[in-house]
Amino acid sequence: MMSEKQGSISDCGDDLFTSLEEPLLHHAGSEARMAKSDEHMLAGSTCSGRRARDSRYSVLVFPLLAALLLVAAMLCCAVVFRMASVLTGEEMFMSSPSTAARHGGLRASYTPKSKEPSEAELWPREDSPWNESAWESLRTAFHFQPPNNWMNDPNAPLFYNGWYHLFYQYNPKEAYWGLISWGHAVSKDLIHWLYVEPFAMVPDQWYDENGVWTGSATMLPLLLDGRGRGPSITAAATTSLEKEEQKRRWQQRREGDAQLIPGIMYTGSTNDSWQVQSLAFPSDPWEEDGLLVQWEKVADNPVLFPPDFINVTDFRDPTTAWWDDKRSLWMMVIGSHLRPTHTGIALLYQSADFLNWELVPHKFLHLTQGTGMWECVDFYPIPTSGEPRGLDTSVSEWAGGVKHVLKASMDDTKLDFYTIGHYDTESLTFTPDEEELDLGSGFRYDWGRYYASKTFYDPLLQRRILFGWVNESDTRDDDIIKGWSGVQSIPRQVWFDNLTQNSLIQWPIEEIKSLYNRTISLTSFTLESGGIFKVEEAQGAQWDITVSFTKPTLHVEQGPFMDDDSGGAVAPFFMGCNQNEILSRGALGPFGVSVLSSEDLQEQTRIYFYRLFMQENSTSNPSWKTLVCNDLSRSTMASHVDNGTYGGLVTVLQDEDELMLRILVDHSIVETFAQGGRTVITTRSYPTIALDRLANIYLFNDASTSIEVRSLTVHELSDINIHYIN
Ligand code: DQQ
């Protein structure tokens, strides 16, 4: 059809039309544009006759040409304007028929999450407590951050060919959410990162025009054409030619994992804001591109549309898939919710070839009423005995026992909840071990600002690693001025807590020790009530601090009793650090560490324990409970940033005689791991005085009884100096 019409234009001999339309076709590349140019082409087909008839009007050629040139200039402006709006994230690369038209169904109603920024003043800003160098000191030194602009969710972490890969939701243009693409970084040790260019994926297709949103990687068996193109993916070679090729690839493999190729399933937000799932593969993972720099979206995209019983804007963030050996099928979960019941759901899909997916007949792996939209669901096996280790996502049986972890990032509250339970490979359902610890009411990964987390199995060291997005808690205008927003947490190893038997341990990966460059150690001293102790020679903002206190206990009648109107039935998992009791001095708290502290303590971020004698629920007897908190109330002199207190209860077993804190401090982020990693709190601090070498470390005891410090170890950490790979 195209060539027929083009034929009529060249018959006309009017190259102007062609030269005006071609750039439009080229830029737009959409069916809508094609329809428009078809009209022009039809008009063009009548032109040759008309021009022949009206040769007497040749005196008008120049004015006409001038007019046409003016129109051309205006059209060019329109194109430039359009491209500019693309670059500013207002609109993306093309317009094309709606997703509904392609798929059938209702159109989406969508409210963009990112609004235009308010008027932000640039340097110098008189009302800001920070100048340019102060802002620079708030940037982290050993956490992963992109070179600039906005970052949110960690995506598709994986290990391939000797390298760890981290992708992330990234706005390449601004320090706020929008134009979401996939940034990419690689590392040999999960600590020292290198930025990879170009971006792994950008919104350049109708099915991801509103953003290449969150997704996961699955390590797949050989791709039979070795090029990663979708239709050739299969779990097993079938023809003898394929088998030959497979054999060749197996012989070729350089590393233990090289026979597996990552495939990425991600959510695309379409040109009319439907959420659909699409696939991408590395272009040449075998020979030329072992670092997985180039990615190709498959021709059959999108591979999944939202089912008709959910809203088309509530269908996102596919998990890493697992192989169901019994049924020879790939399985994968996508998060959503049911309106109007507000039930959070994990939709369960299956596929024989990773390309064609169908919802299992009973639809859900799991659901929980009242929890709302589930984002970034994660689902993985966890061994329940032996040394801390992880398992490949496809493992469902393990000699030492295995349970499964289900995590959902709750869109309503922006909190990451997890629950531990049993995955039944017959009924294909997940059941939490304890109903009261189901998603939304049980454990959180982190009690601070931590969201959209994602794990992966590290086959090199047989462990499961967790990443999470830590957002800013200053203002959007601050972010625009400083030019960046968002940090990834230190990668944490996660394993089953054999002692509590119902929760996870999270612990900074061992590799962080490669950054230690100076150590201060102290042992056995007493902090009297009201006492404060300055750690000498500890000026700076990059620390790994471990402190152990002797567990303090009192006779019941001396302890603070936490009561409430329901007769003492405080739900412990919602017990936060912002209760009034916590702000005042108690018998056994608060005591702990203050970091990012100015010399005069005007500014300090306080991390503390607080022991309470309280009732866990209406049927239990009161007993000692321990709260652990990151308190930002004095963390900055700036009045416009978050100054809340974050934290929750930490389990301290009866036979444990110490309370332990490990705290990672990195300029504007403080990650607290309490009691060996049973409770974790990540918060942001924006000091105005306690910056760099003006930041100190203190121990303090605001309890009315004395506290014993058993040991204190403070490691100063080096910068990781992330730069682009050559
Ligand atoms: N971020 C992505 C979504 C996801 C959300 C978009 C969670 O895919 O649900 O940037 O932060």
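About the cut-offs
Residues numbered from 1 in each chain as written. Predicted model: local features only at pLDDT ≥ 70, side-chain atom pairs only at ≥ 80, totals over all residues. Heavy atoms only, no water. UniProt positions renumbered as here; feature names shortened; annotations may be inferred. Pairing = 2+ DSSP bridges. Helix = DSSP H or I, 4+ residues; strand = E, 2+ residues; numbered from the N terminus. pLDDT = per-residue confidence, 0-100. Contact = heavy atoms within 4.5 Å. Salt bridge = Lys/Arg side-chain N within 4 Å of Asp/Glu carboxyl O. Buried < 20%, exposed > 50% of the residue type's maximum accessible area, 1.4 Å probe, protein only. Near = heavy atom within 4 Å. Polar contact = N/O pair within 3.5 Å; in protein donor to acceptor, adjacent residues only side chain to side chain. Areas by Shrake-Rupley, 256 points an atom, 1.4 Å probe, with all protein chains shown as cover. Nonpolar A, V, L, I, M, F, W, Y, C, P; charged D, E, K, R; others polar. Core = buried A, V, L, I, M, F, W, Y, C linked by side-chain atoms within 4.5 Å. Phe/Tyr/Trp six-rings, centres within 6.5 Å; stacked < 30°, edge-to-face > 60°. Lys NZ or Arg CZ within 6 Å of the ring centre and 35° of its normal.

The protein chain appears in an unreviewed UniProt entry as Beta-fructofuranosidase from Ceratopteris richardii. Here is the UniProt Sequence similarities (unreviewed entry) comment for the protein chain, exactly as written: "Belongs to the glycosyl hydrolase 32 family."

Asks: An account of the sheet that holds strand 37 (residues 723-724) is needed here, citing residue identities and associated values.
Replies: On the basis of which strands lie adjacent, the open sheet formed by six strands has the order 20-1-2-3-4-37 and mixed pairing. Two strands bound the open sheet, and with one partner strand each, they are strand 20 (484-485) and strand 37. In the sheet, strand 4 (residues 193-195) pairs with strand 37 via two bridges, with the strands oriented parallel. Bridge assignment links Leu194 to a residue of strand 37, and that residue is His723.

Asks: If you had to explain the confidence of the model for the protein chain to someone new, which residues and values would you point to?
Replies: Here the protein chain averages 80 in pLDDT, while 73% of its residues score no lower than 70. In this model, residues 224-237 is a region of pLDDT below 50 whose contacts with residues beyond four sequence positions or in other chains number 37 contacts.

Asks: If you had to explain the pattern of salt bridges to someone new, which residues and values would you point to?
Replies: According to the stated counting rule, one finds 30 salt bridges in the structure shown. For Asp702, the salt bridge is made with Arg606, and the minimal N-O distance between the two is 3.1 Å. Residue Asp702 is located in the loop between strand 35 (696-701) and strand 36 (707-717), and its partner Arg606 is located in strand 29 (residues 605-614); the two are separated by 96 residues in the primary sequence. Arg606 carries the same exposure label as Asp702, and that label is buried. Among the charged side chains, a network of salt bridges with common partners joins Glu472, Asp474, Asp479, Lys482 and Arg684.

Asks: Describe the site of the ligand, with residues and values.
Replies: Around the ligand, a shell composed of 13 residues is seen, among which Asp153, Gln169, Arg316, Asp317 and Glu375 lie nearest. Take Asn152: an N or O atom from its side chain is 3.1 Å from an oxygen atom of the ligand. At 2.7 Å, a side-chain N or O of Gln169 approaches an oxygen atom of the ligand. When the ligand is considered free in solution it has 310 Å² of accessible area, and contact with the protein chains removes 96% of it. Its residues assigned to classes, the shell around the ligand comprises six nonpolar, three polar and four charged.

Asks: Could you give an account of the side chain of Thr313, naming the residues involved and the relevant values?
Replies: With respect to the helices and strands, Thr313 occurs in the loop between strand 8 (295-297) and strand 9 (322-324). Among the polar contacts listed, one links the side chain of Thr313 to the side chain of Asn311, at a separation of 2.8 Å.

Asks: Please set out the nonpolar core residue by residue, giving values where relevant.
Replies: Judged by nonpolar contacts, the single largest core of 37 residues is most densely connected at Ile545, Phe609 and Leu661. The next biggest cluster of nonpolar side chains, apart from the first, holds 30 residues, and it includes Met151, Phe467, Ile490 and Leu664.

Asks: Talk me through unusual backbone geometry; I want residue IDs and the actual numbers.
Replies: Here Glu197 and Pro198 are connected by a cis peptide whose omega angle stands at 0 degrees. Mapped onto the secondary structure, Pro198 falls in the loop between strand 4 and strand 5 (212-220). Non-glycine residue Gln462 carries a positive phi angle of around 45 degrees. Look at Ser524: it is not a glycine, yet its phi comes out positive at around 45 degrees. Mapped onto the elements of the fold, Ser524 is located in strand 24 (residues 516-527). For Ser524, a relative accessible area of 59% puts it in the exposed group.

Asks: Describe the packing of aromatic side chains, with residues and values.
Replies: Where two aromatic rings form a pair, the distance of their centres and the angle of their planes describe that pair. By the definition in use, this model includes 34 aromatic pairs. For the pair Trp182 and Tyr266, a centre-to-centre distance of 6.4 Å together with 65 degrees between the ring planes defines the contact as edge-to-face. Placement of the pair is Trp182 in strand 3 (residues 181-187) and Tyr266 in strand 6 (residues 261-269), with a sequence separation of 84 residues. Residue classification places Tyr266 among the buried positions, given a relative accessible area of 0%. Both rings, one in Phe525 and one in Phe533, keep their centres 4.7 Å apart while their planes meet at 35 degrees; by these two values the pair is tilted. In this structure Phe525 comes out as buried when scored by relative accessible area, which is 17%. Looking at Phe533, the relative accessible area reads 27%, which means it is partly exposed. Of the aromatic side chains, those joined through ring pairs into one cluster are Phe144, Tyr168, Tyr170, Trp193, Tyr195, Phe199, Phe467 and Tyr724. One cation-aromatic arrangement involves Arg444 over Trp447; the distance from NZ or CZ to the ring centre is 4.1 Å. For the cation-ring pair, Arg606 lies above Phe700, with the distance from its terminal atom to the ring centre recorded as 4.2 Å.

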